Structures are given as structure tokens and as C-alpha cells.
Amino acid sequence: MSKTRLNPGTLMAPVPAVMVSCGGHGRKGEAGEKPNIITIAWTGIINSDPPMTYISVRKERYSHEIISKTGEFVINLTTEGLAFATDWCGVKSGRDFDKFKEQNLTPADSEVVSCPQIAESPISLECRVTDVVELGSHDMFMAEIVSVSADEKLIDEKGAIHLERAGLVAYNHGHYYSIKKQEIGRFGYSVMKPKTRKRYEAEKKAASRNKSRAKAAMKNRSR
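Presented here is a report on the structure given in the accompanying data block. Every chain begins its residue count from 1, and numbering advances along the sequence as written. Local features in this predicted model are restricted to residues whose pLDDT is 70 or higher, and side-chain atom pairs enter the listing and the counts only when it is 80 or higher, whereas totals over whole chains, interfaces and linings include all residues. Derived side-chain values reflect all non-hydrogen atoms in the structure, with water molecules and hydrogen atoms excluded from consideration.

### With respect to the sheet that holds strand 10 (residues 138–150)
Spatial strand order, 3-2-6-9-10-5-4: 7 strands in an open sheet with antiparallel pairing. Each having just a single partner strand, strand 3 (33–40) and strand 4 (43–47) make up the two edges of the open sheet. The average angle at which neighbouring strand axes cross in this sheet is 35°, direction not considered. The rule for pairing is simple: two strands pair if DSSP sees at least two bridges between them. What counts as a helix is a DSSP run of H or I of at least four residues, what counts as a strand is a run of E of at least two, and both are numbered from the N terminus. In terms of strand pairing, strand 5 (residues 52–58) meets strand 10 through 7 bridges, oriented antiparallel. Only the stretch in contact is used when a helix axis is fitted, and all axes are lines through C-alpha atoms; the angle between N-to-C directions ranges over 0 to 180 degrees.

In C-alpha cells, the structure reads:
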């Protein structure tokens, strides 16, 4: 493989395209901040126990001021159906618009933090800021994930969550892309024992058959 050397840049891809909600009614009698949404691509997981994440936000952004004051935010994963709103919330300022109202998004009460979740998001991660790192163009808000809410449709009868059902999107060098379900393997498949691999493949086939039957049954009911 032949490669061309480029200038240092943000070519880590794909990355999440999430809507971060912040503001809200405030705590302990505080007036609170107007709820707002900012679209973020610079985010990820930085620790497992306790579960921790981060978002990097430019200092001039309206949400930077809100999060700096409240120390809380919610990361809302986005889907194909939310792609337009995701982009719109990334180019418009909360100083000028009520983004929830403009994009017909529903602010829902969070379990732990004061700022609202986005009800239309399949997964919402409530976060409390633990540290702020000034990096240059952005400040990185490191935070502990204090609660997670998931669409019940993504959870099976055994309690396992199936994110592949959500229709998630990713951001890839200036463009949004849908994440289609075409599994290559699961964690550890490269060292899987033959017996385990055989059982795994059988489970995949059974799941595929059940999905096909469910689709057929739904099609027959709609006739």
C-alpha cells in the first residue's frame, strides 16, 4: 500500500454525530439556563469504571457557556431520522433559536441531571462534568456518565441491548453516513474456539430466521 503524507489534521474517522442537550430548570431554586442543543462530533468514551466520556466544545459556542455554568449535559445518540435535525442544530446558534421547538424535538426529563434529554433519541447519556481541559480551539469537558436511558424497542427479553436496531449515524470527514447492520464479528471473534464459533454462527442464523419470520408476519397482518 502506497501512502501520501498529509499535514496533521483531524482525520480520525468515522466519529459519532451526537446532539448534546444542556441547560434546563436549574437546581436548588436556581433560575437555570434556557435548554439548548449542540451537535458534537468530538466525543467518545475515556474510562469504564466509573463510566466516563468527554465532549470538546469551542469557547465561543453558546452551549460552552451553559455547560460551564451548570456542569451537566446529556449526550443523545442520533439516527437516520434525526440526521436533518442533527445537522441543523450544528449550524444554528441557541442564542437565536429554540432548537427543540424549531426541529420539533421533545425535551424529556432526565433521571439524574437537570438538563433535558431528547425524547426522540434512542440512547441518552446523562453526564456530570468532572474536569475541563483547555486545548486551544476547544475546551474538553470530561464527565462521568451518571445515568443512561434507552428506547425499550432496543432491549430484548433477556435485557440485552441491540444498538444495530437503532439506525444510528456517524460523521465521516464532513458527511453523515448511516450505520448499516452488516456484522463482521464480535469482540474476541479472532480467538474464538471452534466450538464457540459454531454456536455463535448457529445463533446468528437463528436470529436471522426469526427476523425474517417477524417481517413476514407483519406483512401478512398489513394485507
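Once the structure has been displayed, the description carries forward.
### Regarding a nonpolar patch on the surface
Judged by side-chain polarity, Ile-155, Ile-161 and Leu-163 come together as a nonpolar surface patch covering roughly 230 Å² of accessible area. Relative accessible area decides the class of each residue, using a 1.4 Å probe on protein chains only: under 20% of the type maximum gives buried, over 50% gives exposed, and in between gives partly exposed. What makes Leu-163 partly exposed here is its relative accessible area of 37%. The patches described consist of residues with a relative accessible area above 30% and no salt bridge, like charges being joined within 9 Å and nonpolar side chains (Val, Leu, Ile, Met, Phe, Trp, Tyr) within 5 Å. Computed with a 1.4 Å probe, the accessible areas rest on the Shrake-Rupley method; for each residue, only the protein chains presented here act as cover. Criterion for a salt bridge: a side-chain nitrogen of Lys or Arg within 4 Å of a carboxyl oxygen of Asp or Glu.

### Focus on the nonpolar core
Val-20, Ile-55, Phe-73 and Ile-75 are the most contacted members of the largest nonpolar core, which totals 22 residues. Setting aside its immediate chain neighbours within four residues, Ile-55 contacts Val-20, Ile-40, Trp-42, Thr-43, Ile-67, Phe-73, Ile-75, Asp-139, Met-140 and Phe-141. For this analysis, a nonpolar core means a set of buried residues of the types Ala, Val, Leu, Ile, Met, Phe, Trp, Tyr and Cys, connected via side-chain atoms within 4.5 Å. Residues count as neighbours in contact if any of their non-hydrogen atoms are within 4.5 Å of one another.

### Overview of the layout of surface pockets
Both site types are read off a 1 Å grid over the protein atoms alone. A 1.4 Å probe that fits but cannot get out defines a cavity, while an open set with protein on both sides within 12 Å along at least five of seven lines defines a pocket; lining residues have an atom within 4 Å of a point. Grid points are joined across faces, edges and corners, and a volume is the space filled by probe spheres set on the points. By volume, the second largest pocket is sized at about 570 Å³. Forming the boundary of the second largest pocket are 27 residues, of which Ile-38, Thr-39, Ile-40, Arg-61 and Gly-90 lie nearest the centre. Counting residues per element, the ones that place at least two in the lining of the second largest pocket are strand 3, strand 5, helix 1 (62–70) and helix 2 (83–91). No other element matches strand 3, which puts 5 residues into the lining of the second largest pocket. Side-chain classes are defined by residue name, with Ala, Val, Leu, Ile, Met, Phe, Trp, Tyr, Cys and Pro counting as nonpolar, Asp, Glu, Lys and Arg as charged, and the others, Gly among them, as polar. For the lining of the second largest pocket, the residue count by class is 12 nonpolar, 8 polar and 7 charged.

### Let's talk about the pattern of salt bridges
According to the stated counting rule, one finds 3 salt bridges in the structure shown. The partner of Glu-65 in a salt bridge is Lys-69, and the shortest N-O contact between them spans 3.4 Å. Here the residue Glu-65 and the residue Lys-69 both occupy positions in helix 1, the gap between them amounting to 4 residues, near one helical turn. For Lys-69, a relative accessible area of 52% corresponds to the exposed category. Between Glu-72 and Arg-128 there is a salt bridge whose closest N-O contact spans 3.4 Å. Note that Glu-72 is positioned in strand 6 (residues 72–76) and Arg-128 in strand 9 (residues 123–134), a separation of 56 residues in sequence. For Glu-72, a relative accessible area of 2% gives the class buried.

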